[in-house]
Every structure is written in structure tokens, then in C-alpha cells.
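Structural overview
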Amino acid sequence: SSDADDDALTYEWQIGSQMFDDVAEEVALEEAGFIDITLTVSDAYGDSDTAQETVEVAGYDLSRDVVISEALANPEGSDNAEWIEIYNGGRDAVDLYGWKLTDKTTSYLFDSEEILKAKSYLLIKRETSGIALNNTGEEIFLVDPEEKIINGVELPKALEGQSFARKTGTQN
């Protein structure tokens, strides 16, 4: 690109402590917080202009809005029809990539992008998760990519064909 005098321009980006020439690359941040982004545009004669902006990088703030909402531990017929449902009660979509759904023996990792829209549910079947719920009672947990338990439920003894659902508007 060039300026009004048709002089070639160069670009230098600084994102946090990382420097980039010409084009800013994708930058992976270790944690949430504030980061400074600076762009300096220069021409061949040493004239330059700099713009700086501080932006807030969200971490897993939205994760507190995702809960285990319902589970079917003892379906009629085959136990292979078991499932766990999660709900995003927040105002924003949440990418579940890197999250885990776990009981005491098995963990299911969301190992690819899985966007859970705001005010939406996601049903995870036993055949997908590999989690076999115990009919005599079970604890299941939702864990974020930072290994924080975001939500957990304790399921009582399961009656055949009856799911256990969270009361609307509760986190526990």
C-alpha cells in the first residue's frame, strides 16, 4: 500500500510484548486481561504515524453461565440411550472447545469447536461421550479449559425412564 504521495508504506504491529512486521499474525494469549496493541505506519522517508489501543481480552467469564441442566441415567430399555444435557443461560455464545464433561471414571473432551448459543441447550449422548451414568447415583461435572469445575450435579438413584432436571434459574 502507499500514502497520498504514492510512497510505499511499512507496518509494524506490537501486540503485548510481541512484534510483527507488515501483517499482524494470530496471537494466543495465556490469560484474560488487558493488552496494548500498537500500529506504526511509516513511509520510505521516515515519516510515521502511530495508533495505540488497549483492549480487554475475555477469558472464561461466560463459563459460569453454562450448567448441566438435565440427565437421563436410566432410560427405558438399553442404557446406551443415556444422555446429559447442558445449558448456556448467558447472553453470549460459548465455545466449548477444551471443556470436559466428566463423572468419577470417564471424561468427555470437547476437542473441536462446539458453539453453544446463548439460551440454548446441547444434548450429549452416551454414545458420543462414553460416559455411562450409574443408576444408583452419580456425580457429573462440567470443567472449563483451565481445569476449573464450572458446574456439578449429584444425581440420586435413577428411576427407569425418568430424567433429572435442574430447576430453572439455578446454578446448583
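The structure contained in this document is the topic of the report that follows. Every chain is numbered independently, its residues counted from 1 as its sequence is written. Local features are withheld for residues below a pLDDT of 70 in this predicted model, meaning they are given only at 70 or higher, and side-chain atom pairs are given and counted only at 80 or more; totals for whole chains, interfaces and linings count all residues. Think of the side-chain values as coming from all heavy atoms in the structure, minus any hydrogens and water.

1. Some thoughts on the overall build of the protein
Helical segments are the DSSP runs of H or I of at least four residues, strand segments are the runs of E of at least two, and each set is numbered from the N terminus. Secondary structure summary: the protein contains 1 helix and 14 strands in total. When a residue's accessible area, from a 1.4 Å probe over protein chains only, is under 20% of the maximum for its type it is buried; when over 50% it is exposed; and in between it is partly exposed. Out of the 172 residues belonging to the protein, those deemed buried represent 30%. Two residues form a contact once any of their heavy atoms are found within 4.5 Å. Sequence separation of 24 or more characterises 50% of the internal contacts of the protein that already satisfy a separation of 6 or more. Throughout, the Shrake-Rupley method with a 1.4 Å probe supplies accessible areas, and for residues the shown protein chains are the sole cover considered. Carbon and sulfur atoms make up 45% of the accessible area of the protein, which totals about 11,000 Å².

2. Remarks on the sheet that holds strand S6 (residues 83–88)
For two strands to be treated as a pair, DSSP must find at least two bridges joining them. Taken in spatial order, the 4 strands of this open sheet run S11-S6-S5-S14, and their pairing is antiparallel. Looking at which strands have only one partner, the edges of the open sheet turn out to be strand S11 (120–125) and strand S14 (164–165).

3. Overview of the sheet that holds strand S9 (residues 107–109)
Strand order in the open sheet made by the 4 strands is S9-S8-S12-S13, with antiparallel pairing throughout. Bordering the open sheet on either side are S9 and strand S13 (149–155), each of which pairs with just one other strand. Adjacent strand axes in the sheet meet at a mean angle of 15° when their direction is disregarded. Strand direction decides the pairing type here: strand S8 (residues 100–102) and strand S12 (residues 138–143), joined by 3 bridges, are antiparallel. Looking across to S12, one finds that Leu 101 is bridged to Leu 142. Lines fitted to C-alpha atoms define the axes here, with helix axes fitted over just the stretch in contact, and angles between the N-to-C directions of these axes take values from 0 to 180 degrees.

4. Brief notes about the environment of Asp 111
Assignment of secondary structure puts Asp 111 in the loop between S9 and strand S10 (115–116). Take Asp 111: its relative accessible area is 57%, and that puts it in the exposed class. The spacing of Asp 111 and Gly 98 is 13 residues in sequence and 5.8 Å in space, taken between C-alpha atoms.

5. Focus: the packing of aromatic side chains
By convention here, two paired aromatic rings are described through the distance between centres and the angle between planes. Ring pairs shown here join Phe, Tyr and Trp side chains whose ring centres sit within 6.5 Å, with only the six-membered ring taken for Trp; geometry is labelled stacked below 30 degrees between planes, edge-to-face above 60, and tilted in between. Tallied over the entire structure, the rule returns 2 aromatic pairs. Taking 4.4 Å as the distance between ring centres and 35° as the angle between the ring planes, the aromatic pair formed by Tyr 87 and Tyr 121 counts as tilted. Of this pair, Tyr 87 sits in strand S6 while Tyr 121 sits in strand S11, and the two are 34 residues apart along the sequence. For Tyr 121, a relative accessible area of 52% corresponds to the exposed category. The interplanar angle of 70° and the centroid separation of 5.0 Å between the aromatic rings of Tyr 108 and Phe 110 together place this pair among those described as edge-to-face. By the burial criterion, Tyr 108 is buried, and Phe 110 matches it.

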